[in-house]
Amino acid sequence: MSYLFKVFLPKNALLIGTILISISIPAVFAQQMKWSQFDTPSLGKVAAIGSYANGCLAGAKALPLIGEGYQVIRTERHRYYGHPQLVAFITNFAKQTQAAGMNDILIGDISMARGGNFESGHSSHQVGLDADIWFRQAEQTLTRDARETPQKLDLVDKSAFNVNQDWQAHHGTMIRLAAESSEVARIFVNPAIKQQLCNMDWQDDSWLTKVRPWWGHSLHMHVRLACPENDALCQNQKAPPTGTGCDELDWWRKQILASNEASKQSKYKSKSKQKSKPKSKTVKVKPEQCQTLYQAE
């Protein structure tokens, strides 16, 4: 959408009259949006608006910081808001893992009070349907310091395409329990973790199709719910390919090992070599409803 504005020139200007300037308001507005400024959800109807990586969230619900079988970490980021359906999923999932004999699961980033872009970290988590669930668990209630700067548990051997000695059977169980939920559309994990799951014996491995390999994700699994049926403005991702996806991992193995080798080689390059300029990012224009939500009280 464009708008026309009149700009009046000084009397001594060579041109007399007015100039009409067309400005694309959405693009300018998108650049200035700072979604982290909101510390309360919007009032009214609940709605996940837009796509997982370009949207916002109306009527969000805060996940209680401590609940049965879970604890929220890094709370000072204020990224513990979600679509009520996701909040319900997390609380139910925590009860499942607790019943399976696990310690408290640790909940990382979900979304901000009105969704939108994080200023650091993920490009997704914008509509309240994504949640990071850490692989490290807690035997007892964390102290404030432990909660805000939690100890990490990396399950991947970075020098090879394998999990490391910290991998435990319950990690596979927690991924399976989440993937078996009908609400879950995808779970992102490190490709080496997906390989480990493919190597394990399962009575029914059909849930593996939802477990998608992706860069990083060695500290946590990224759970993504499908758009709720009544959220007409929410945009689902295309469904994953049929099958377990285990046959895709050879490509990932080559990519990961090549990346590791490139990292080693880069250490030997001259530090004086001029770095290339970072590429400019394309500004995504959010749905019109997000602009309205952003300006609402």
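Residues numbered from 1 in each chain as written. Predicted model: local features only at pLDDT ≥ 70, side-chain atom pairs only at ≥ 80, totals over all residues. Heavy atoms only, no water.

1. As for the overall build of the chain
Across its full length, the chain holds seven helices and 15 strands. Across the chain, contacts joining residues at least 24 apart in sequence account for 74% of those joining residues at least 6 apart. Of the roughly 17200 Å² that the chain leaves accessible, carbon and sulfur atoms contribute 51%. (Helix = DSSP H or I, 4+ residues; strand = E, 2+ residues; numbered from the N terminus. Contact = heavy atoms within 4.5 Å. Areas by Shrake-Rupley, 256 points an atom, 1.4 Å probe, with all protein chains shown as cover.)

2. Some points on the state of the cysteines
For the structure on display, the rule yields three disulfides. At a sulfur-sulfur separation of 2.0 Å, the disulfide partner of Cys 198 is Cys 246. Linking Cys 198 and Cys 246, the disulfide has an S-S dihedral of approximately -90° and is accordingly described as left-handed. Note that Cys 198 is positioned in helix α5 (residues 191–199) and Cys 246 in the loop between β15 (220–225) and α6 (249–266), a separation of 48 residues in sequence. Overall, Cys 246 belongs to the partly exposed group, its relative accessible area being 24%. With its sulfur 2.1 Å from that of its partner, Cys 227 forms a disulfide with Cys 234. Of note, the bridge from Cys 227 to Cys 234 carries an S-S torsion of about -70° and is left-handed in sense. Judged on exposure class, the residue Cys 227 and its partner Cys 234 are both buried. With its bonded cysteines labelled in order along the sequence, the chain shows the pairing 1-6, 2-5, 3-4. (Disulfide = S-S within 2.5 Å. Buried < 20%, exposed > 50% of the residue type's maximum accessible area, 1.4 Å probe, protein only.)

3. Considerations on the environment of Phe 93
For Phe 93, the location among the structural elements is in helix α2 (residues 84–99). Along the chain, Phe 93 and Met 174 lie 81 residues apart, while their C-alpha atoms are 8.9 Å from each other. With near-sequence residues (within four places) excluded, Phe 93 lies in contact with Ile 105, Ile 133, Met 174, Leu 177, Ala 178 and Met 221.

4. Topic: α5
Of all nine residues in α5, seven are buried, a share of seventy percent or more. What α5 keeps buried is the set Pro 191, Ala 192, Ile 193, Lys 194, Gln 195, Leu 197 and Cys 198.

5. Topic: the sheet that holds strand β7 (residues 70–72)
The seven strands lie next to each other as β6-β7-β9-β10-β15-β13-β14, forming an open sheet whose pairing is mixed. On the outer flanks of this sheet lie β6 (66–67) and β14 (211–213), each paired with one strand and no other. Across the sheet, α2 lies against β7, β9 (104–107), β10 (130–138), β13 (184–189) and β15, angled at about 130° from β15, the strand it touches most. Contacting β10, β13 and β14, α5 crosses the sheet at an angle of about 135° to β14. (Pairing = 2+ DSSP bridges. Axes fitted to C-alpha atoms, helices over the stretch in contact; angles between N-to-C directions.)

6. Re the pattern of salt bridges
Tallied over the entire structure, the rule returns ten salt bridges. Here Glu 148 ties to Arg 147 by a salt bridge, and the two come within 2.6 Å at their closest N and O atoms. For Arg 147, a relative accessible area of 24% translates into the label partly exposed. Of the charged contacts, one joins Lys 158 and Asp 154 as a salt bridge, the two residues approaching to 2.5 Å between their closest N and O atoms. What makes Lys 158 partly exposed here is its relative accessible area of 45%. (Salt bridge = Lys/Arg side-chain N within 4 Å of Asp/Glu carboxyl O.)

7. Digging into the nonpolar core
Residues Ile 175, Ile 193 and Met 221 are the most contacted members of the largest nonpolar core, which totals 61 residues. Ranked by residues supplied to this core, first place goes to α2 with six residues. Once residues within four sequence positions are removed from consideration, Ile 175 is found in contact with Phe 135, Trp 167, Ile 187, Val 189, Ile 193, Leu 197, Trp 207, Val 211 and Met 221. Counting five residues, the second-largest nonpolar core is a separate cluster that includes Cys 198, Leu 249, Trp 252 and Ile 256. (Core = buried A, V, L, I, M, F, W, Y, C linked by side-chain atoms within 4.5 Å.)

These values are about where atoms sit, not about what they do.
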